[in-house]
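Tertiary structure, described
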Amino acid sequence: MPGASPATAPDIRGIVFDLDGTLVDSLADITASLNAVLRREELPERDREWVRRNVGLGATHLVRQAVAGTAGEAALERLVGDYVAHYDAHPCVRTAAYPGVPETLAQCARRGLVLAVASNKPAGIVTQVVDALGFGGRFRFIWGSDSFPVLKPDPAALLAFMERTGLRPAAVLMVGDSAADVACAANAGAWSCHFTAGYGTLDGTALIPHWRIAAIPELIPILDGTAPHHS
């Protein structure tokens, strides 16, 4: 099992990244699309910090929290559709990659690692964002909320990654900022790395990632086997 011994150096051959709050800072565009829907419905708008606390579990969760019980299920479904449509039309207006992301992805590619993105936002939006920022071609797989019947922390994306690449769990690393990402890795038996500079937190959970990093280039020592892990 990954992390069985602190002295064990990992042999990571594939990495699955979360998107929002991990590879990119997309809060401005998510907030703008959410507020466009709330304004039309004459509901209170939400600021970036509110969105930061509620993002990561998919569009339905975000919109449900934003309307705070003022909409029934039929209305909620419509509002989620409106939010996704607005976001799909404006996916990368102010979104930017975190420092060092393109360079780190290039280093991973030079090492021959298989890379993927698994997000809880629709795959079409994920593709638009990574393509607009110039590194979509680094990923063999780009998956979103509509790629599988379930969202993270369910391990469906990681299990699909392992099946399609032939990699064992001990050769796969999940990198993300949220509890859903760390739990996804745990549920798949893979390595986990928590990006602490993102939106999510592990506070209030019993989750212990194998590594914590504050900048994406800090992945390289992990790949080199020189970064101590936590379990």
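In what follows, the accompanying structure is described. Just so it is clear, the model here is predicted, and its values are computed rather than measured.

Definitions and limits used
Residues numbered from 1 in each chain as written. Predicted model: local features only at pLDDT ≥ 70, side-chain atom pairs only at ≥ 80, totals over all residues. Heavy atoms only, no water. Helix = DSSP H or I, 4+ residues; strand = E, 2+ residues; numbered from the N terminus. Rg over C-alpha atoms; globule rule 2.2 N^0.38 Å. Buried < 20%, exposed > 50% of the residue type's maximum accessible area, 1.4 Å probe, protein only. Salt bridge = Lys/Arg side-chain N within 4 Å of Asp/Glu carboxyl O. Pairing = 2+ DSSP bridges. Axes fitted to C-alpha atoms, helices over the stretch in contact; angles between N-to-C directions. Parallel < 35°, antiparallel > 145°, perpendicular 65-115°, else oblique. Left-handed = near helix turned anticlockwise from the far one by under 90°. Contact = heavy atoms within 4.5 Å. Nonpolar A, V, L, I, M, F, W, Y, C, P; charged D, E, K, R; others polar. Disulfide = S-S within 2.5 Å. Polar contact = N/O pair within 3.5 Å; in protein donor to acceptor, adjacent residues only side chain to side chain. Phe/Tyr/Trp six-rings, centres within 6.5 Å; stacked < 30°, edge-to-face > 60°. Expected span 1.5 Å × (residues − 1). Arc of directions from axis to C-beta.

**Let's talk about the overall build of the protein chain**
The secondary structure content of the protein chain amounts to nine helices and eight strands. Against the 2.2 N^0.38 benchmark of 17 Å for 231 residues, the protein chain shows a C-alpha radius of gyration of 17 Å, consistent with a compact globule. Taking the principal axes of its C-alpha atoms as reference, the protein chain extends roughly 55 × 35 × 30 Å. Within the protein chain, buried positions represent 50% of all 231 residues.

**Description of the pattern of salt bridges**
Throughout the structure, instances matching the rule amount to 11 salt bridges. Here Arg39 ties to Glu45 by a salt bridge, and the two come within 3.3 Å at their closest N and O atoms. Assessed through its relative accessible area of 43%, Glu45 is described here as partly exposed. A salt bridge links Arg52 to Glu49, with the shortest nitrogen-to-oxygen separation between them at 3.3 Å. Here Glu49 and Arg52 lie together in helix α2 (residues 48–54), a separation of three residues that amounts to about one turn. Connected through shared salt-bridge partners, Arg40, Glu41, Arg78 and Asp82 make up one network.

**Some words on the sheet that holds strand β4 (residues 114–118)**
In spatial order, the strands read β5-β4-β1-β6-β7-β8; together these six strands make up an open sheet with parallel pairing. Each edge of the sheet is formed by a strand with only one pairing partner; in this case those strands are β5 (141–143) and β8 (211–213). Neighbour-to-neighbour, the strand axes of this sheet turn through a mean angle of 20°, independent of strand direction. Bridge count for strand β6 (residues 172–176) against strand β7 (residues 191–195) is four bridges, and the pairing is parallel. When the sheet's bridge partners are listed, Val175 is paired in β7 with Cys193.

**Some thoughts on the packing of helix α7 (residues 156–165) against helix α8 (residues 179–188)**
Relative orientation of the contacting elements α7 and α8 amounts to 50°, with a least axis distance of 8 Å. Between α7 and α8, the interaxial angle falls into the category oblique. The interaxial crossing formed by α7 with α8 has right-handed handedness. Residues Leu158, Leu159 and Met162 of α7 pack against Cys184, Ala185 and Ala188 of α8. Looking at side-chain class alone, the contact of α7 with α8 contains six nonpolar, no polar and no charged residues.

**Re the side chain of Thr22**
Mapped onto the elements, Thr22 comes out in the loop between β1 (14–17) and β2 (24–25). When near neighbours in sequence (up to four residues on either side) are disregarded, Thr22 contacts Tyr98, Val175, Gly176, Asp177, Phe195 and Ile216.

**Thoughts on the state of the cysteines**
Taken as a whole and judged by the stated rule, the model has zero disulfides. The cysteine Cys184 is free of any disulfide, with Cys193 supplying the nearest cysteine sulfur at 14 Å. Overall, the relative accessible area of 1% leaves Cys184 in the buried class.

**What to know about the side chain of Ser33**
With respect to the helices and strands, Ser33 occurs in helix α1 (residues 27–40). Only 3.4 Å separates the side chain of Ser33 from the backbone nitrogen of Tyr87, close enough to count as a polar contact. Residues contacting Ser33, with those up to four places away along its chain left out, are Tyr83, His86 and Tyr87.

**Here we look at the environment of Ala179**
With respect to the helices and strands, the residue Ala179 is situated in helix α8. Accessibility expressed as a relative area gives 22% for Ala179, which makes it partly exposed. Placed 11 residues apart in sequence, Ala179 and Ala190 show a C-alpha to C-alpha distance of 15 Å.

**A short note on the packing of aromatic side chains**
Evaluation of the coordinates by the stated rule reveals eight aromatic pairs. Taking 5.3 Å as the distance between ring centres and 65° as the angle between the ring planes, the aromatic pair formed by Tyr98 and Phe195 counts as edge-to-face. On the criterion of sequence distance, the pair formed by Tyr98 in the loop between β3 (96–97) and α5 (101–110) and Phe195 in strand β7 is long-range, its members being 97 residues apart. Exposure class is identical for Tyr98 and Phe195. Each is buried. Both rings, one in Trp143 and one in Phe148, keep their centres 5.3 Å apart while their planes meet at 75°; by these two values the pair is edge-to-face.

**A short note on helix α4 (residues 73–89)**
Compared with an ideal rise of 1.5 Å per residue, which puts 17 residues at 24 Å, α4 spans 24 Å between its outermost C-alpha atoms and is within 8% of the ideal. Leu76, Leu79, Val80, Tyr83 and Tyr87 are the residues of α4 that are buried. Buried residues of α4, viewed axially, fall in a sector of 105°; they line one side. Opposite the buried face of α4, at more than 90 degrees from it, the exposed residues are Ala74, Glu77 and Ala89. Elements in contact with the buried residues of α4: α1, α3 (59–67) and α6 (123–132).

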